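Here is what each chain is made of, one letter per residue.
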Amino acid sequence: MSLPRSIETAEVDGKVVLVRSDLNVPLAGGRVADDTRIQASLPTIRLLLERGAREVRVCSHLGRPKGPDETYAMKPVRERLLDLVGDDRVSVLENTRFDAGETKNDERFARQLADGCDLFVSDAFGSAHRAHASTVGVAQLLPAYAGLLLLDELRNLGKLLGDVERPFTIVSGGAKVEDKIGVLESLGSRADEVLIGGKMAEDVRVESPFSFDAVLPSDVVAASSFDERAETQIAAFDALPDGWLGLDIGPRTREDFALRLSRARTVFWNGPMGVFEWPPFAAGTLAVARALAESDGFTVVGGGDSVRAVQEAGVADRISWISTGGGAALELLEGKELPGVAAIPDA
């Protein structure tokens, strides 16, 4: 995979730099609930400051507002980032999606963002699959470079597309198989094993859309209804009691998946093994997180629930790479061109 040119090669001393970061973080009570993405944006910002940038203007979207909406104002994000950076040369612009021109890649809005800036740094891998004004439009108006996070994402995810160390195992889960058909067909056909849990497993059991055989659960944690407090029992995957739902992989499957992962030398995991947000049905997802942490191979985790699982299991520091880009990561691994990356000249 060819990489775009790096900010490390740019002359930034005395320059005003526009940085597109991914600051789309969860909020609670008007405060940042999880600053993982803010933390991930800091190395690029700090590098620019260390190299003498006169001003660093950071822009990002937050949520999916259709226009100005106080609920999605950048104030709490701005306060958290500036507190972490501690440098008055940094400013955070208002939510890019407050302007209708953002999602349309409108030249007017791109020029507004670029006004007064000398160069542009794209560091929002999580938005690189969107051809928006702040990801593509400004890159066509200013000299454009890739930030450190964007480059790290491309390098680490790119390893899954090359000659991987085998056995190569994929773990996939979540609610909708159709969301991951492309990436699973692309990677799964090259993998040695594909382990599938969650609602996806039920869909694949009924009618598999894949050209390869997948390893499905042997047992599940069954619930009498879709409710956190529902009655539960362990049931065979293909023999659920009438009216019951499989909301997590069962203990035998957890052991089986952990054993298979212990043999793998390369692993990609995207998607929970059940209704992970409810504690009675979180054990399967946490078991996969711990199995990856115990692996001696190259492990990559992507997707909000999977990332949350390795964090809640306390093993995030034992995963080789945790991707910040859900949809962007899947599209890259599917083999699609990412507009926000294609807009930056090659190294």
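Structure report, in brief.

Its volume calculated, the largest pocket comes out at about 1,100 Å³. The wall of the largest pocket is formed by 43 residues, among which P272, G303, G304, D305 and S306 lie closest to the centre. For the lining of the largest pocket, the secondary structure elements donating two or more residues are helix 1 (36–50), helix 7 (198–206), strand 12 (245–249), helix 10 (304–312) and helix 11 (326–334). If you tally residues by element for the lining of the largest pocket, the top one is helix 10, at 6 residues. Looking at the lining of the largest pocket residue by residue, the classes come out as 13 nonpolar, 17 polar and 13 charged. In this structure, the second largest pocket encloses a volume near 270 Å³. A breakdown of the residues in the lining of the second largest pocket according to their chemical character gives no nonpolar, 10 polar and 5 charged.

Its location among the elements puts S6 in the segment before strand 1 (16–20). Among the residues examined, S6 registers a relative accessible area of 10% and is labelled buried. At a separation of 3.0 Å, a polar atom in the side chain of S6 contacts the main-chain amide nitrogen of E8. S6 has contacts with Y145, A146 and L151, leaving out every residue within four places of it along the chain.

To continue, consider empty space enclosed by the protein. All told, the structure shown has 1 cavity of 30 Å³ or more when counted by the stated rule. As a volume, the largest cavity reaches approximately 60 Å³. Along its surface, the largest cavity is lined by G197, G198, A201, E202, P217, V220, F237, G246, L247, D248, I249 and M273. Looking at the lining of the largest cavity, the elements with two or more residues in it are helix 7 and strand 12. The greatest single-element share of the lining of the largest cavity, amounting to 4 residues, is contributed by strand 12. Grouping the constituent residues of the lining of the largest cavity by class yields 7 nonpolar, 3 polar and 2 charged.

Calculation notes
Residues numbered from 1 in each chain as written. Predicted model: local features only at pLDDT ≥ 70, side-chain atom pairs only at ≥ 80, totals over all residues. Heavy atoms only, no water. 1 Å grid on protein atoms, 1.4 Å probe; cavity = no way out; pocket = protein on both sides within 12 Å on 5 of 7 lines; lining within 4 Å. Points joined across faces, edges and corners; volume = space filled by probe spheres on them. Helix = DSSP H or I, 4+ residues; strand = E, 2+ residues; numbered from the N terminus. Nonpolar A, V, L, I, M, F, W, Y, C, P; charged D, E, K, R; others polar. Buried < 20%, exposed > 50% of the residue type's maximum accessible area, 1.4 Å probe, protein only. Polar contact = N/O pair within 3.5 Å; in protein donor to acceptor, adjacent residues only side chain to side chain. Contact = heavy atoms within 4.5 Å.

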